[in-house]
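One-letter residues, chain by chain:
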Amino acid sequence: DKSRNMFWTTSHDMLKAFSYNNDCEDPYILEEEFQVKLPGSLPHDLFPVYGEDAFWLSTSANVYKYDIKNQKFTTLNTPLKNKVKSNSSGPEGFPTIIIQGKEDYWTDEIKDINGARVYWESNIKIYKAHWFLNNNFSYPANDNIKSCLN
């Protein structure tokens, strides 16, 4: 989260945010800044909502949008609720997509939030799918990936 200089994670039933020092020479987590109880348990995917200060969150039983500023979860209106492995949105013209496990944790198709097939290929095992777009929530525009592993 570039605007807050924090990273977000989930545990069994909590959403948490940690500040970090962003120092390659001596990296460490400064402290836990925030935590909130999830509306469900067993979180699976946490990914920024395109163009919003929010996250998509999938759990074992539902998909939510979390508004960071208002600290509020809303349930995504979709018939695809169980076994959701990832979800991703984009600008106008990009449907919000969902991966829903067919064979345990993988599938051979990507669907939109209404359940319509967006992509399918036989003999493929898809675990997660996110649109390949600039992620301005996490990184500045035209950012180069920074690695501390040299």
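Look a little higher up for the structure.
Nothing here was measured: the structure is a model prediction, and the numbers come from that model.

Rules behind the numbers
Once a new chain begins, its residue numbering starts again from 1 and follows that chain's sequence as written. Given that this is a predicted model, residues contribute local features only at a pLDDT of at least 70 and side-chain atom pairs are listed and counted only at 80 or more, while totals for whole chains, interfaces and linings are drawn from all residues. Based on all heavy atoms of the structure, the side-chain values leave hydrogens and waters out of the count. DSSP calls a pair of strands paired once it identifies at least 2 bridges connecting them. The helix and strand labels rest on DSSP assignments: H or I over at least four residues marks a helix, E over at least two residues marks a strand, and numbering proceeds from the N terminus. Grouping buried Ala, Val, Leu, Ile, Met, Phe, Trp, Tyr and Cys residues that are joined through side-chain atoms within 4.5 Å yields what is termed a nonpolar core. We call a residue buried when its accessible area falls under 20% of the maximum for its residue type, exposed when it is over 50%, and partly exposed in between, using a 1.4 Å probe and counting protein chains only. Whether two residues are in contact is decided by their heavy atoms: any pair within 4.5 Å suffices. For this analysis, a salt bridge means a side-chain nitrogen from Lys or Arg found within 4 Å of a carboxyl oxygen belonging to Asp or Glu. Comment: axis = line fitted to C-alpha atoms, over the contacting stretch for helices; angle = value between 0 and 180 degrees taken between N-to-C directions.

Engineer: Help me understand the pairing of strand β11 (residues 117-120) in this model?
Structural biologist: The side chains of a regular strand alternate, first on one face of the sheet and then on the other. Relative to β11, strand β10 (residues 109-112) runs antiparallel, the two being bridged by three bridges. Looking at β11, one finds that Glu109 is bridged to Trp120. Between β10 and β11, which follow one another and run antiparallel, lie four residues, and Gly115 among them has a positive phi close to 95°.

Engineer: Please explain the nonpolar core as it appears in this structure.
Structural biologist: If you look at soluble globular proteins, the nonpolar side chains tend to sit buried side by side. The biggest cluster of nonpolar side chains holds 13 residues, and the ones touching the most others in it are Trp8, Leu15, Phe55, Tyr66, Ile68 and Phe73. Listing elements by their share of this core, those giving two or more residues are β1 (6-10), β2 (14-20), β5 (54-58) and β6 (63-67). The residues touching Trp8, leaving out its near neighbours within four places in the chain, are Asp1, Leu15, Lys16, Ala17, Phe34, Leu46, Phe55, Ile68 and Phe137.

Engineer: How should unusual backbone geometry be read in this particular structure?
Structural biologist: Keep in mind that most residues, glycine aside, have a negative phi and that most peptide bonds are trans. The backbone of Leu42 shows a phi angle near 55°, a positive value even though the residue is not glycine. In this structure, Leu42 sits in the loop between β3 (29-37) and β4 (45-48). In this model, Asn123 sits at a positive phi of 60°, which is unusual for a non-glycine residue. Along the polypeptide, Asn123 turns up in the segment after β11. The exposure class assigned to Asn123 is exposed, which follows from its relative accessible area of 83%.

Engineer: Just checking my understanding: could you explain the pattern of salt bridges for this structure?
Structural biologist: A side chain of one charge can pair with a side chain of the opposite charge when the charged atoms of the two come close. This model, assessed by the stated rule, comprises nine salt bridges. Note that Lys102 is salt-bridged to Glu109, the shortest N-O span being 3.2 Å. Among the ionic contacts, a cluster of salt bridges with common partners joins Lys102, Asp108, Glu109, Lys111 and Arg117.

Engineer: Is there a simple way to explain the environment of Glu92 in this structure?
Structural biologist: Relative to the helices and strands, Glu92 resides in the loop between β8 (84-88) and β9 (97-100). With 66 residues separating them along the chain, Glu92 and Asp26 place their C-alpha atoms 41 Å apart.

Engineer: I tried to follow the sheet that holds β10 on my own but got confused; where do I start?
Structural biologist: As a general point, the strands of a sheet are linked pairwise by backbone hydrogen bonds and lie either parallel or antiparallel. Strand order in this open sheet of four strands is β8-β9-β10-β11, and the pairing throughout is antiparallel. The open sheet has two edge strands, β8 and β11, and neither has a second partner. Shown here is a sheet whose adjacent strand axes are inclined to one another by a mean of 25°, direction ignored. Here β9 runs beside β10; their pairing, made up of two bridges, is antiparallel.

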